[in-house]
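Coordinates in review
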Amino acid sequence: MKQLFVTSILGLAALAATAANPPLRIYGDSGKPDTVSRQTYYLVGITSPGAEAWIDGKEAHVYKTGSFGAEITLKEGKNVIPVKVKQGKKKSEVKRTVVYSPVTVKKTVAITENTRELAQPVYLATDSGAYLQYGNGGDRLGGSKIGFLDQGVELKAVGETKGLYKVQLSDNYFAYVPKEYVHKADFNPVVVNSGSASLANIGKADRVSISLPRRVAYTSMTMIDPQVVKVSLYGVTNNTNWLTQRNELGIVEFVDLQQESDVLHLYIRLNDNHNWGYSVHYQGNMLVIDVRHRPKSLDLADLTIGLDAGHGGEFPGARSPSGLLEKDVNLDIILKMADMLRAKGAKVVLTREGDTGPSMTERKRIWRDGGVDIAISVHNNSSGNPLVPMGTSSYYKHICNRGLAKSLHESMLTLGLANFGLVGNFNFSLNGPTEYPNALVEVLFMSSLPEEEMLADPEYRTKIAGRIVAGLENYLREAAKK
């Protein structure tokens, strides 16, 4: 991995040495004319480092990776674009044919799958891995998730699509659940009364318990300023006449129960300015919410950090024009981070996708069972204009994790990188867990020629790793102020 940049250069240099002329290829060229509907066209070529290049008669900068490119304004119809490279006295030249066929741009709207209402309700129970999503829309990350459900939760389906059931949670609340995570069940879907509740310090967490006659659907969300965990129980009437506090609490200040129609809301107010994670699950028909205490020490030497390298094995992720694989770049950054964190005394739990590593579900389990205090996933992006720096970005799902993502993002920006943004409500699976603070860093764009050059340099990847670790330390430093 440390030789990634050098290997890339040496490989092209060897190719140049054995060829009669300097190597030249057009990125994405299938050998057939490229038909496009936009007048602006980005042409990217790859040659050996140190060569000179021209596109459509204009000189193009050749990066250390051998990549070069230009923006072309097409004329309607057939465009033949000459591309030439020169190294010493040797030359290579190709022509790229692009057909520009403008089309009338129509306003588009998000396409959703039609939901068919069921003539009679279908009663379901959840299996392991079940989750609720807000609607029946989706993108490459799937539908926008509300949250996961324990096994055996009873749901009433009132509609369906090809892959989803529309479930009625209460009189006024509906959601969707994937069919693969439920099975048909037989139960009486009446509104139930809640029973006794308690609040106790169980060691590393404060536990809120509330008894119910059956496993009803629930959702959870977080709030900040002040920090609150809100858990909603659907089809439940508040019949809890006491909520007993057993002992001195570690992070929960109080719990308030509020009724809204046939939904019972539990507002769990924290006495901390940070949320260190929580879980919601059933023990029998008792709903249990465990809210993790602040770690006794926020020094890295006393913490366990989960690190995930995006992609791996047979899932390479993005590929840069010169041939860098995202999985290799991600892993190298993560391994450098792990070395830095271990040098500061932290325990590190590493995960990676692919045939050399676990699935998304397994990675989350490894982090949970490993007792991680904070988790960070590293990826690199791809898309957009290949001729300019596209920038760095950080992502979070739950609002309580915005502070961590923001700290990581601000630290990355100190490298002078373009700002692609701080992104919230992100539907990435590893941002979904609530058991620990977590964030995703999309370092740079593999498709951007200037950023490809940065990512190909092992010394620059060390700088990247250092800034992510520094962002984590900044977050812990701010959290320690309480």
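Residues numbered from 1 in each chain as written. Predicted model: local features only at pLDDT ≥ 70, side-chain atom pairs only at ≥ 80, totals over all residues. Heavy atoms only, no water.

What follows concerns the overall build of the protein chain. Helix and strand counts for the protein chain come out as six helices and 32 strands. Dimensions of the protein chain along its principal axes, counting C-alpha atoms only, are 90 × 60 × 35 Å. Looking at the protein chain residue by residue over its 482 residues, the buried ones come to 52%. Put simply, of all contacts in the protein chain between residues at least 6 apart along the chain, 70% involve residues at least 24 apart. Carbon and sulfur atoms form 49% of the exposed surface of the protein chain, whose accessible area is close to 22300 Å². The protein chain carries 55 positive and 50 negative side-chain charges, and their two centres are separated by 5 Å. (Helix = DSSP H or I, 4+ residues; strand = E, 2+ residues; numbered from the N terminus. Buried < 20%, exposed > 50% of the residue type's maximum accessible area, 1.4 Å probe, protein only. Contact = heavy atoms within 4.5 Å. Areas by Shrake-Rupley, 256 points an atom, 1.4 Å probe, with all protein chains shown as cover. Lys, Arg positive; Asp, Glu negative; His and termini not counted. Charge placed at Lys NZ, Arg CZ, Asp CG, Glu CD.)

Glancing now at the pairing of strand E18 (residues 205-211). Taking burial as the measure, the seven residues of E18 include six buried ones, the bulk of the element. The pairing of strand E17 (residues 197-201) with E18 spans five bridges and is classified as antiparallel. Bridging from a neighbouring strand, Leu199 pairs with Val208 of E18. Note: E18 against strand E26 (residues 286-292), seven bridges, orientation antiparallel. Opposite Ser209, over in E26, you have Val288 as the bridge partner. (Pairing = 2+ DSSP bridges.)

This paragraph deals with the confidence of the model for the protein chain. Put simply, the protein chain has an average pLDDT of 92, and 93% of its residues get 70 or more. Every residue in residues 1-19 is under pLDDT 50, and counting partners more than four places away or in other chains gives 30 contacts. (pLDDT = per-residue confidence, 0-100.)

Before going further, it helps to examine the pattern of salt bridges. A full pass over the atoms with the stated rule returns 18 salt bridges. A salt bridge links Asp332 to Lys336, with the shortest nitrogen-to-oxygen separation between them at 3.8 Å. Highlighted residues: Asp332 and Lys336, both in helix H2 (residues 326-343), separated by four residues, approximately one helical turn. Accessibility assignment for this pair places Asp332 and Lys336 in one class, buried. With a shortest N-O distance of 2.5 Å, Arg365 and Glu362 are connected by a salt bridge. Of the two residues, Arg365 and Glu362 both sit in helix H3 (residues 360-369), three residues apart, roughly one turn of that helix. Look at Glu362 and you get partly exposed, because its relative accessible area is 30%. Among the charged side chains, a salt-bridge network with shared partners connects Glu362, Arg365, Arg368 and Asp369. (Salt bridge = Lys/Arg side-chain N within 4 Å of Asp/Glu carboxyl O.)

Our next topic: the nonpolar core. Among the nonpolar cores identified, the biggest contains 88 residues, and Leu155, Val167, Leu233, Leu287, Ile468 and Leu472 are the most heavily contacted of them. Per element, the largest residue contribution to this core is nine residues, and it comes from helix H6 (residues 458-480). Apart from residues no more than four positions distant in its own chain, Leu233 is found in contact with Ile210, Leu212, Val216, Ala217, Tyr218, Asp262, Val263, Leu264, Leu266 and Leu287. Ile72, Val85, Val98 and Tyr100 belong to the second largest nonpolar core, which has 18 residues in total. (Core = buried A, V, L, I, M, F, W, Y, C linked by side-chain atoms within 4.5 Å.)

With that settled, the discussion passes to empty space enclosed by the protein. If a probe as big as a water molecule is rolled over the atoms, it shows which places are left empty. Throughout the structure, instances matching the rule amount to two cavities of 30 Å³ or more. In this structure, the largest cavity spans a volume of roughly 100 Å³. Taken together, the residues of the lining of the largest cavity break down into four nonpolar, five polar and two charged. For the second largest cavity, the calculated volume is near 40 Å³. Taken together, Asn275, Gly277, Tyr278, Cys400, Asn401, Thr434, Tyr436 and Pro437 form the lining of the second largest cavity. (1 Å grid on protein atoms, 1.4 Å probe; cavity = no way out; pocket = protein on both sides within 12 Å on 5 of 7 lines; lining within 4 Å. Points joined across faces, edges and corners; volume = space filled by probe spheres on them. Nonpolar A, V, L, I, M, F, W, Y, C, P; charged D, E, K, R; others polar.)

It is worth spelling out the layout of surface pockets at this point. The space that makes up the largest pocket amounts to roughly 1200 Å³. Forming the boundary of the largest pocket are 39 residues, of which Gly129, Phe148, Lys364, Arg368 and Glu435 lie nearest the centre. Broken down by secondary-structure element, the contributors of at least two residues to the lining of the largest pocket are strand E10 (131-133), strand E11 (145-148), strand E19 (218-223), strand E25 (278-283) and H3. A breakdown of the residues in the lining of the largest pocket according to their chemical character gives 15 nonpolar, 14 polar and ten charged. Considering only enclosed or pocket space, the second largest pocket measures out at about 600 Å³ in volume. Taken together, 21 residues form the lining of the second largest pocket, with Lys204, Arg292, His293, Pro295 and Asp373 sitting closest to its centre. Considering only residue class, the lining of the second largest pocket consists of five nonpolar, seven polar and nine charged.

Okay, the packing of H2 against H6 next. Two numbers describe how H2 lies on H6: the axes approach to 9 Å, and their chain directions differ by 55 degrees. Classed by the angle they form, the pair H2 and H6 counts as oblique. As for the relative orientation of H2 and H6, their crossing is right-handed in sense. Contacts between H2 and H6 involve Val329, Asp332, Ile333, Lys336, Met337, Met340 and Leu341 from the former and Pro458, Arg461, Thr462, Ile464, Ala465, Gly466, Ile468, Val469 and Leu472 from the latter. (Axes fitted to C-alpha atoms, helices over the stretch in contact; angles between N-to-C directions. Parallel < 35°, antiparallel > 145°, perpendicular 65-115°, else oblique. Left-handed = near helix turned anticlockwise from the far one by under 90°.)

Adjacent strands of a sheet form backbone hydrogen bonds with each other and so pair up, either parallel or antiparallel. With mixed pairing, the five strands of this open sheet are ordered in space as E22-E17-E18-E26-E25. If you trace the sheet from one side to the other, it starts and ends with strand E22 (243-245) and E25, each paired once. Across the sheet, the axes of successive neighbouring strands diverge by a mean angle of 15 degrees, strand direction being ignored. Bridging between E25 and E26 involves six bridges; their strand directions are antiparallel. By the bridge assignment for E26, His281 is matched with Val288.

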